[in-house]
Amino acid sequence: MSAVKEMTSGKPYKLILAFALPMILGNIFQQLYSMVDTVIVGKYVGVDALAGVGSTGAINFLVIGFALGICSGFSIKIAQSFGAGDYSGMRRYIANSFYLSGAAAVILTAGTMLLTKPILRIMDTPEDIFKDAYDYIIIIFAGISATIFYNILAGILRALGDSKTPLYFLIVSSVINIGLDLLFIIVFNMGVKGAGWATVISQAVSAFFCLIYMNRNYKILSFDKGELSFDKKRSAELISVGIPMALQFSITAIGSIILQRAVNSLGKIPVASITAASKIQTVAIAPMESIGITMATYCGQNRGAGKFSRIRAGIKQSTIISMIYCVFSFVIVSLLGGFITTLFVDAGETEIIDLSVNYLRINGLFYPTLGILFIFRNALQGMGYSLLPMTAGISELAARSIVAFGFVASLGFNAACLASPVAWIFADTLLIIVYFIKIKELKHELLFKRRHSSAS
C-alpha cells in the first residue's frame, strides 16, 4: 500500500517529527555514504587525494545544488495540489516535472563537461591536487541524470507526505555505494575515480528501483488519459518555483566557491582539514536540514488547504525542535570531532585534526542560526514565495565574499571557519523580516478567499 499522508490535520509537532524522522535517517545515510568515499580516499589513496576531493565541494554544491533546487521547487506545486485535493492536477504537475527535469539533466551535463576544468582553475586549486579534484568531480557531473532522477522521485513522494520510502532506497544506495567504494578503490585501485563511479552507480540503481516501486504501489500516481501531455501553463508554473529555488542553491554555492578559492590559497593542510570537518558537519546538520525540508511539504499542503493557523503553529513548533537538536549536535561535534577526524586521516596528522576540531567548534556555536535558516527558507518556499528566499542566498553570497576577500588572507584559517556562520546570520536577518511580512499577507489572502467562497 502507498504511504501518502496529509499534513493538514492533527498536531503539527507530531506530524513534523513523524515526517522528518525518516528524512533525517535518509539524509544521514546519504551523507554517510558520501563520508565513506572521503574516508576510504583519505586512508587508502592519501592526503593529496583527500584534499583533491574536498576542494571540489563548492563546485559540486553549485551544480548538484542547482539540480536539487529544481527538484525541490517542482515538489512544492505537487504538494499544494495534493493538499487541495486536486489529484488530477497533481499528476499533470508530476508529468511536466519529469519533462523539465530531463531537459535540465541534459543541459547541466553538457555544461559541466565543458566548464569544470576552467572553474577549478579559477578557484586556484593547488597543482598537487588538481588532477585528483578533476578526476573525481567530472565523474560526479557525468552522473547528474542519476541525481536528478532520484531526487525528483523522492520529491514527489515527500510532497505526498511519504518520507519513509525515500529512506528505504537511500539505505539500498548506501550499501551499494560502500561496497563499490571498497571494490573500486581497494581491489581495483581506481583511486578517486572509483569513489566517483561508486556514488553515481549507487544513486542510479536506487532511483531505478524507487521508480519501479512507485509504479507498483502508488494508486494515486496512476495517470489517466491526457494527464501525461506536456502543459505549457503548468510547466511555466513549475519553472517559476523551481528556477528561483535552484538559483538560491547556486548563489549560496558561488559564495562557497569564492571561500574555497581563499582556503585553497592557504595550502593542502587547511584544505584537507576543512574537507574532513565539512563531512562531519554535513552529518551533524542533517537533522536540521530534514526538519527544514519537512516544513516545505507541511507548509505547501496547508497552503493548498487554506489553513493559515496550522502554518504558523508548525513553524513555531519546528523551530523549538530544531533548537533542542542544535544544542545536542554542538556538544557531540565538540567532544568527538577529533576522534571522528581520525577516520579520514592517520592519527599522526595532528595539524589536520586540530584544525578540523577548531572548524567544528566555531561553526557549532552558530548551529541555531543555521536551524532557523533551514526552517524559514523552506517554509516560505512551501507557501509559494520562491523568489524571496533567493534573496537570502544573495545575502549569504555577500557575507562569504566579504570574509573570503577581506579576512582569510590576513587572518588565515580562523576567518575561513567564521565565513559560514556570518553567512547564516545575514540570511536569517532577511528571512525573518520577510516571513513576518508574508505571513500577514497570507492571512489576509486566505481570509478573503474564505469570505468570498462563503458569499458565493
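Right above here is the structure, for reference.
Residues numbered from 1 in each chain as written. Predicted model: local features only at pLDDT ≥ 70, side-chain atom pairs only at ≥ 80, totals over all residues. Heavy atoms only, no water.

A. Just the nonpolar core, in detail. In this structure, Cys 299, Ile 315, Tyr 367 and Met 383 are the most contacted members of the largest nonpolar core, which totals 67 residues. Ranked by residues supplied to this core, first place goes to helix H16 (residues 413-455) with twelve residues. Filtering out sequence-adjacent residues up to four positions away, Met 383 remains in contact with Gln 80, Cys 299, Arg 303, Ile 311, Tyr 435, Ile 439 and Leu 442. (Core = buried A, V, L, I, M, F, W, Y, C linked by side-chain atoms within 4.5 Å. Buried < 20%, exposed > 50% of the residue type's maximum accessible area, 1.4 Å probe, protein only. Helix = DSSP H or I, 4+ residues; strand = E, 2+ residues; numbered from the N terminus. Contact = heavy atoms within 4.5 Å.)

B. Unusual backbone geometry, seen in detail. One non-glycine residue, Asp 124, lies in positive phi territory at about 60°. Within the element layout of this structure, Asp 124 appears in the loop between helix H4 (87-122) and helix H5 (127-142). For Asn 189, which is not glycine, the phi dihedral falls at a positive 55°. A relative accessible area of 65% places Asn 189 in the exposed class.

C. Looking closely at the packing of aromatic side chains. If you walk through the whole model with that rule in mind, you get nine aromatic pairs. Seen in terms of ring centroids, Phe 82 and Tyr 87 are 5.8 Å apart; in terms of plane orientation they differ by 40°. Their pairing is tilted. Under the relative-accessibility criterion, Phe 82 is labelled buried at 2%. Look at Tyr 87 and you get partly exposed, because its relative accessible area is 31%. Grouping aromatic residues by their ring pairs yields a cluster made of Phe 169, Tyr 213 and Tyr 218. The side chain of Arg 121 reaches across the aromatic face of Phe 130, ending 3.8 Å from its centre. (Phe/Tyr/Trp six-rings, centres within 6.5 Å; stacked < 30°, edge-to-face > 60°. Lys NZ or Arg CZ within 6 Å of the ring centre and 35° of its normal.)

On their own, these measurements won't tell you what the molecule is for.
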